[in-house]
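Here is what each chain is made of, one letter per residue.
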Amino acid sequence: MGHKVRIGALAFCAIGLVTVGAHAQYVYTRGPNHVNMSGTRCRAAFGSEQDKLTHSVQKTSVKGNVSAPVVVVCPITRRATAYYGDSVSSSTATEVTATGLKAEVKDDNTGEAVRCTPFAQSIGGSVVWGTSRYACSTAGGCTSAPAGSYTTPLGGFNTLSWSNPFTSQTSVQWGLSCTMPGSSSIGSYEATVSSN
């Protein structure tokens, strides 16, 4: 599957501003919307491993001479730092639902596979994890590591995808945690967000 270059980090334009008393309330009533992120946003989960990564046009790659996989975290920015609600009210849309996620990954390592796991964080701080997917020859990825020494076809990327990754868990923010062996890359990734 070819690597698609996506320009622009946020595609949220369906937010209205409603005045409620003295407070402004964000009301999210349209969707789905798509939040496209560049792979260059991904960072090593542990600061000491950041020097094992390179960031180039639309992707983050693990250097080829790395002997052990590097865990990278790829955040999905929903809409800057604002919520879809007014914290003064108990029934506002501070959390929304990610109904789909996908990521483009490249695996050039013959020994280990790229694995990505989605996560969501609630407004209270708890984290919910989705199902891991591995780069493999199956569209959307595999739920277990492929047998043998699978590598991405020359010049291409595999798309890992999740439908309803958190079983309707609403969240203030999402992301992907990917375990990446040497000579692997993550390109663009995306969340599909439903209306409340």
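Everything that follows concerns the structure shown earlier in this document.
Caption draft 1: Spotlight on the environment of S161. With respect to the helices and strands, the residue S161 is situated in strand 12 (residues 158-163). What makes S161 partly exposed here is its relative accessible area of 31%. In the structure, S161 is positioned 22 residues away from A139 in sequence and 8.4 Å away in space, judged by C-alpha atoms. Every residue in contact with S161, bar those within four places of it in the chain, is listed here: L101, K102, R133 and G140.

Caption draft 2: Seen up close, the pairing of strand 7 (residues 70-76). Every second residue of strand 7 is oriented toward a common face, the buried set being V70, V72, C74 and I76 and the non-buried set V71, V73 and P75. With seven bridges connecting them, strand 7 and strand 14 (residues 173-180) associate as antiparallel partners. Within strand 14, the residue paired with P75 across the bridge is G175.

Caption draft 3: Molecular detail of the pattern of salt bridges. Evaluation of the coordinates by the stated rule reveals three salt bridges. A salt bridge links E49 to K52, with the shortest nitrogen-to-oxygen separation between them at 3.3 Å. By relative accessible area, E49 is classed as buried at 16%. The partly exposed category is assigned to K52, whose relative accessible area is 28%.

Caption draft 4: Up close: unusual backbone geometry. Even without being glycine, N164 reaches a positive phi, approximately 45°. Its place among the elements puts N164 in the loop between strand 12 and strand 13 (170-171). Since its relative accessible area comes to 42%, N164 is described here as partly exposed. We note that S183 has phi near 65°; this positive angle belongs to a residue other than glycine. By the element assignment, S183 lies in the loop between strand 14 and strand 15 (184-193). Take S183: its relative accessible area is 31%, and that puts it in the partly exposed class.

Caption draft 5: Expanded view of the packing of aromatic side chains. For the coordinates displayed, the defined rule picks out one aromatic pair. On the basis of an interplanar angle of 55° and a centroid distance of 5.6 Å, the ring pair of F119 and W129 is categorised as tilted. Here F119, found in strand 9 (residues 115-121), pairs with W129, found in strand 10 (residues 127-129); they are ten residues apart in sequence, far enough to count as distant. What makes F119 buried here is its relative accessible area of 15%. Between the NZ or CZ atom of K106 and the centre of the ring of F157, over which it lies, the distance is 5.9 Å.

Analysis parameters
- Residues numbered from 1 in each chain as written.
- Predicted model: local features only at pLDDT ≥ 70, side-chain atom pairs only at ≥ 80, totals over all residues.
- Heavy atoms only, no water.
- Helix = DSSP H or I, 4+ residues; strand = E, 2+ residues; numbered from the N terminus.
- Buried < 20%, exposed > 50% of the residue type's maximum accessible area, 1.4 Å probe, protein only.
- Contact = heavy atoms within 4.5 Å.
- Pairing = 2+ DSSP bridges.
- Salt bridge = Lys/Arg side-chain N within 4 Å of Asp/Glu carboxyl O.
- Phe/Tyr/Trp six-rings, centres within 6.5 Å; stacked < 30°, edge-to-face > 60°.
- Lys NZ or Arg CZ within 6 Å of the ring centre and 35° of its normal.

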